[in-house]
Amino acid sequence: IPIPPSAFLILLIDLGTDVVPAISLAYEKPENDIMKRKPRRAGTDRLVNRKLISFAYFQSGVIQALEGLFAYFIVFNDDGLSPSTLNNLDANSFFATSVQEDQRWLIAQKGSFNQAADMRVWFNNESDFTQFFSSQPPTGFIEQTTAVFDDLPSTPGTVESSSLLASVPGTPVNEQFNNMFKIVGFLTEQPSCLAFTCEVNNELLNNDVSCFDSSVNDGPVYYTGINTGELNDNIGDSGCFELWTNEQQTQTLRNAQTAYFVAIIIVQWGDLLITKTRTLSIFQQGMWNWVLNFGLVLETLLAVIIAYVPFIQTIIGTAPIRFVHWLPGIPFALFELFYDEIRKYLIRRASRKPEFKLGHFRIRNHFHSRNCVST
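In this text the structure is predicted, and so the values were computed from the model without any measurement.

**Considerations on the overall build of the chain**
- When helices and strands are counted, the chain shows 11 helices and 5 strands.
- With 375 residues in all, the chain has 50% of them scored as buried.
- For the chain, restricting intrachain contacts to residue pairs at least 6 apart in sequence, the fraction spanning at least 24 positions comes to 73%.
- On the chain, roughly 18900 Å² of surface is accessible, and the fraction owed to carbon and sulfur atoms is 59%.

**A closer look at the pattern of salt bridges**
- Here the structure, examined in full by the defined rule, presents 5 salt bridges.
- The partner of Lys-344 in a salt bridge is Asp-340, with the nearest N and O atoms 2.9 Å apart. One end of the pair is Lys-344 and the other is Asp-340, both in helix α10 (residues 329–352) and 4 residues apart, which spans about a single turn.
- The exposure class of Lys-344 is buried, given its relative accessible area of 1%.
- Exposure remark for Asp-340: the relative accessible area of 1% places this residue in the buried category.

**Observations concerning a nonpolar patch on the surface**
- Among the surface-exposed residues, Leu-47, Val-48, Ile-53, Tyr-57 and Phe-58 lie close enough to one another that they form a single nonpolar patch of about 580 Å² accessible area.
- For Tyr-57, the location among the structural elements is in helix α3 (residues 50–79).

**A short note on the sheet that holds strand β1 (residues 106–110)**
- The sheet built from 3 strands is open, its strands ordered β2-β1-β5 with antiparallel pairing. Taken across any chain shown, the strands that pair with only one partner, and hence form the sheet edges, are β2 (119–122) and β5 (240–244). Sheet twist, expressed as the mean angle between neighbouring strand axes with direction ignored, is 20°.
- In this sheet, β2 lies alongside β1 in antiparallel orientation, the contact comprising 4 bridges. Bridged to Leu-106 within β2 is Trp-122.

**Quick word on the layout of surface pockets**
- Quantified by volume, the second largest pocket comes out at close to 270 Å³.
- For the second largest pocket, the lining is made up of 17 residues, of which Asp-79, Lys-110, Glu-242, Trp-244 and Gln-248 are closest to its centre.
- When residues of the lining of the second largest pocket are traced back to their parent elements, those giving at least two are α3, β5 and α6 (246–274).
- In terms of residue class, the lining of the second largest pocket is built from 6 nonpolar, 7 polar and 4 charged.

**Here we look at helix α4 (residues 175–188)**
- The terminal C-alpha atoms of α4, which comprises 14 residues, lie 20 Å apart, in line with the 20 Å expected from a rise of 1.5 Å per residue.
- Summarising burial for α4: 11 of the 14 residues are buried, a large majority.
- Those residues of α4 not exposed but buried are Gln-176, Phe-177, Asn-178, Asn-179, Met-180, Phe-181, Lys-182, Ile-183, Val-184, Gly-185 and Thr-188.
- Taken together, the buried residues of α4 touch β1, α5 (225–228) and β5.

**Focus on the packing of α6 against helix α8 (residues 290–308)**
- Running from amino to carboxyl end, α6 crosses α8 at an angle of 180°, the nearest separation of the two axes being 10 Å. On the basis of their axis angle, the class for α6 and α8 is roughly antiparallel. The segment α6 lies against α8, with Thr-258, Phe-261, Ile-265, Gln-268, Trp-269, Leu-272 and Leu-273 engaging Leu-292, Leu-296, Glu-299, Thr-300, Ala-303, Ile-306 and Ala-307.
- When the residues that make up the contact of α6 with α8 are grouped by side-chain class, the tally is 10 nonpolar, 3 polar and 1 charged.

**So, the packing of aromatic side chains**
- Within the structure shown, the criterion is met by 21 aromatic pairs.
- Taking 5.4 Å as the distance between ring centres and 65° as the angle between the ring planes, the aromatic pair formed by Phe-181 and Phe-212 counts as edge-to-face. Of the two residues, Phe-181 sits in helix α4 while Phe-212 sits in the loop between β4 (203–206) and α5, which places them 31 residues apart along the sequence.
- Feature note: the residues Trp-105, Phe-177, Phe-181, Phe-196, Phe-212, Tyr-223 and Phe-241 constitute an aromatic cluster, connected by ring pairs.
- Geometry around Phe-94 places Arg-104 over its ring, the cationic atom sitting 4.7 Å from the centre.
- In this arrangement the basic side chain of Lys-182 is found over the ring face of Phe-141, its NZ or CZ atom lying 5.0 Å from the centre.

**Section: the state of the cysteines**
- Here the structure, examined in full by the defined rule, presents 2 disulfides.
- If the cysteines joined by disulfides in the chain are listed in sequence order, their pairing comes out as 1-4, 2-3.

**Some details on unusual backbone geometry**
- Phi at Asn-88 is positive, roughly 65°, even though this residue is not glycine.
- Position of Asn-88 relative to the elements: it lies in the loop between α3 and β1.

**Things to note about the environment of Phe-123**
- Inspection of the secondary structure puts Phe-123 in the loop between β2 and α4.
- Residues Phe-123 and Val-184, 61 residues apart in the sequence, show an inter-C-alpha distance of 8.5 Å.
- The residues touching Phe-123, leaving out its near neighbours within four places in the chain, are Arg-104, Trp-105, Ile-107, Phe-129, Phe-133, Gln-144, Thr-146, Ala-147, Met-180, Ile-183 and Val-184.

**Comments concerning the nonpolar core**
- Formed by 35 residues in total, the largest nonpolar core has its most connected members in Phe-76, Leu-81, Phe-95 and Phe-261.
- For this core, the secondary-structure elements that each account for two or more residues are α1 (7–17), α3, β1, α6, α8 and α9 (310–316).
- At 10 residues, α6 tops the list of elements feeding residues into this core.
- Discounting chain neighbours no more than four positions away, the residues touching Phe-95 are Pro-2, Phe-76, Leu-81, Leu-89, Asp-90, Leu-106, Trp-122, Gln-249 and Leu-253.
- Of all hydrophobic cores here, the second largest spans 26 residues; its members include Phe-177, Met-180, Ile-183 and Tyr-223.

Rules and cut-offs
- Residues numbered from 1 in each chain as written.
- Predicted model: local features only at pLDDT ≥ 70, side-chain atom pairs only at ≥ 80, totals over all residues.
- Heavy atoms only, no water.
- Helix = DSSP H or I, 4+ residues; strand = E, 2+ residues; numbered from the N terminus.
- Buried < 20%, exposed > 50% of the residue type's maximum accessible area, 1.4 Å probe, protein only.
- Contact = heavy atoms within 4.5 Å.
- Areas by Shrake-Rupley, 256 points an atom, 1.4 Å probe, with all protein chains shown as cover.
- Salt bridge = Lys/Arg side-chain N within 4 Å of Asp/Glu carboxyl O.
- Patch = residues over 30% accessible without salt bridge, like charges linked within 9 Å, V, L, I, M, F, W, Y side chains within 5 Å.
- Pairing = 2+ DSSP bridges.
- Axes fitted to C-alpha atoms, helices over the stretch in contact; angles between N-to-C directions.
- 1 Å grid on protein atoms, 1.4 Å probe; cavity = no way out; pocket = protein on both sides within 12 Å on 5 of 7 lines; lining within 4 Å.
- Points joined across faces, edges and corners; volume = space filled by probe spheres on them.
- Nonpolar A, V, L, I, M, F, W, Y, C, P; charged D, E, K, R; others polar.
- Expected span 1.5 Å × (residues − 1).
- Parallel < 35°, antiparallel > 145°, perpendicular 65-115°, else oblique.
- Phe/Tyr/Trp six-rings, centres within 6.5 Å; stacked < 30°, edge-to-face > 60°.
- Lys NZ or Arg CZ within 6 Å of the ring centre and 35° of its normal.
- Disulfide = S-S within 2.5 Å.
- Core = buried A, V, L, I, M, F, W, Y, C linked by side-chain atoms within 4.5 Å.

Here's what the structure looks like:
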């Protein structure tokens, strides 16, 4: 799948948003049961041990990873690509690439206009479109010689003045692009989700799927909606397809990566709170560490700056996300708090009742110190 967090965002988590919260734990007041514990065994008790690794990587770490991916997939789904279409999507490094010769049109097929695409394919001569790249393409099509296109600006009036299309706004005039658009509609047997038109027998057919039928229309099909944004108002039960530009791919990927980053920040709220104590409940310990409280506010503010300040977006490669895409991480952070409260309760109960085996299992395998914040 396209890489969820960029290397830059990972460094920002480790060396930016996580620093002050981690330092703030040094200001946490001692737990009120600290004098009841046995001293640390200097010869065997290590900072990094099996218990810490178990908690950081196989408990808290798993929750963080799932939370980030959940937010990432939600953004893609909301933008029009369901999670099932992301598998191997970037196998050839085409998706949102900055390399001009590797940029491709992505065809996303939807079962209906209001749902995310459940099928996708790249337009190139190594896919289902091979026959159209030959010197003798099927009747009604010209030879397709390229699969790489820039965005096509609206160009009304540039077609022949005698054509009915001269008065249609947003008519693309790139011959190869128009041929590609007709090929896609012909093979998918679907109309496009945005408006299109063709000219048959001196008559314009708007949003008519027969435009893609070479026995009806031996000329090109014009994807006017790519320039005007106009929707196809004639989509039937067959669904529709979309053509994703490289710019659209890049925007969606940046939105998804930013949502992943924000989700990690939100779960760090929970991480910070559960590492305040080893056995006491957060309700027993309280929230009187104002350095820690400042750290929570600061990392959230940094997330806002990274997501919404334009020149920061340009440097880091982030994009502004909708408010709703801040929300996926909250249930995971609450779950982590709830899980840790149960874990610490079992440990406290075991310390009072030696016969309580489940609690002793937790102590042996998952009892961790508050020496670090897992990331």
